[in-house]
Amino acid sequence: MSKSIRLHFVPIYLLLLAVLSPAQDTPPPVRALAVDGSISIDGRLDELSWQQGEWYSGFSLLDIPHQPASMQTRFKIRFDASHLYIGVQADEPNTAAMRTEVTGRDGKVFRDDCVEVMIDPTGERIEYYHFIVNALGTLYDAQRRQGGHVYTAEWNSSARAAAHIDAEKWSVELHP
């Protein structure tokens, strides 16, 4: 079963972020912390910056919005003077059964076990950047306009992503 999370970001200069969850009428605020040291985009979330601060979670099922997901996903946001970093950890007791087939950039990554992130620089939900990373670290990126109805996958960002699979969880680092 493909799992994905969707994040919505208000303007980065506010350093407050919000998670959209169908189970919540108003998304809770999320605080991005400054990077402590450096972050290597390897999917492992083992740097000091990822060890600090709280994890944000509490995701629900897409088709049953008030029912918590049985396997939870957690994330943290970090930033430095010029970049944003997103770390995601997803529970998966049977990592051998995960769907991990897409290996080409901008492929149909959403069909695999994946993480989806949407970055909306204005907070108006009119134009945003869509990133999907599967459990192999394969990246899909697109620029979306008119509320997401018009998009181009031919647009390529300078984003970097990596994933790492452990025994009962997998993780993603995204540097959009």
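Each remark here, short or long, concerns the structure printed above.
Let us look at the structure shown here.

What counts as what
Residues numbered from 1 in each chain as written. Predicted model: local features only at pLDDT ≥ 70, side-chain atom pairs only at ≥ 80, totals over all residues. Heavy atoms only, no water. Pairing = 2+ DSSP bridges. Helix = DSSP H or I, 4+ residues; strand = E, 2+ residues; numbered from the N terminus. Axes fitted to C-alpha atoms, helices over the stretch in contact; angles between N-to-C directions.

Our focus in this paragraph is the sheet that holds strand 9 (residues 139-145). One open sheet holds the four strands; their spatial order is 7-8-9-10, and the pairing between them is antiparallel. This sheet does not close on itself; its edge strands, each paired only once, are strand 7 (114-119) and strand 10 (150-152). Across the sheet, the axes of successive neighbouring strands diverge by a mean angle of 25 degrees, strand direction being ignored. Here strand 9 runs beside strand 10; their pairing, made up of three bridges, is antiparallel. Residue Arg-144 lies in a different strand from strand 10, and its bridge partner there is Tyr-151.

Read from one edge of the open sheet, five strands run 4-5-6-12-11, paired in mixed fashion. Edge positions in the sheet fall to strand 4 (33-34) and strand 11 (160-165), since each has one partner strand and no second. Both strand 11 and strand 12 (residues 169-175) contribute to a ladder of six bridges, which runs antiparallel. If you follow Ala-163 over to strand 12, its bridge partner there is Val-172.

Purely geometric numbers; function is a separate question.
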